[in-house]
Amino acid sequence: MSGESKKSGSNVEPLRATRPCPECGRPSVREHYPFCSERCRNVDLNRWLSGSYAIPVADDESKADDEDQ
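Residues numbered from 1 in each chain as written. Predicted model: local features only at pLDDT ≥ 70, side-chain atom pairs only at ≥ 80, totals over all residues. Heavy atoms only, no water.

Draft legend 1. Geometry of the UniProt feature "binding site: Zn(2+)" (unreviewed entry) in the chain. Sequence positions flagged by UniProt for "binding site: Zn(2+)" (unreviewed entry) are, in local numbering, Cys21, Cys24, Cys36 and Cys40. For this annotated set, covering 20 residues, all C-alpha atoms fall within 8.2 Å of each other, a compact arrangement in space. Positionally, Cys36 belongs in the loop between helix H1 (2-9) and helix H2 (38-50). Relative accessible area serves as the criterion here: at 10%, Cys36 is assigned to the buried category. Ignoring sequence-local partners within four residues, the contact set of Cys36 consists of Cys21, Cys24, Arg26, Pro27, Ser28 and Val29. Relative to the assigned elements, Cys40 resides in helix H2. Residues within four places of Cys40 in sequence aside, it is in contact with Cys21, Glu23, Cys24 and Phe35. (UniProt positions renumbered as here; feature names shortened; annotations may be inferred. Helix = DSSP H or I, 4+ residues; strand = E, 2+ residues; numbered from the N terminus. Buried < 20%, exposed > 50% of the residue type's maximum accessible area, 1.4 Å probe, protein only. Contact = heavy atoms within 4.5 Å.)

Draft legend 2. Spatial organisation of the pattern of salt bridges. Taken as a whole and judged by the stated rule, the model has 1 salt bridge. Its salt-bridge partner being Arg47, residue Glu23 comes within 2.8 Å of it at the nearest N-O pair. Note that Glu23 is positioned in the loop between H1 and H2 and Arg47 in helix H2, a separation of 24 residues in sequence. (Salt bridge = Lys/Arg side-chain N within 4 Å of Asp/Glu carboxyl O.)

Given below as structure tokens:
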């Protein structure tokens, strides 16, 4: 019986289409989505933690608020 359940599980379609890994370009893996491996996931995390990635903001927040009103 356990052999039959494994066969039926292989016919299940993935929820998401496979996308290339944002770090190296290889196909992503379900366990590390959207990355292909734990290494690529950690490289990306390190870039966030070291400040290599930044979200742009206005230079002066008070000027941005005044323009909206």
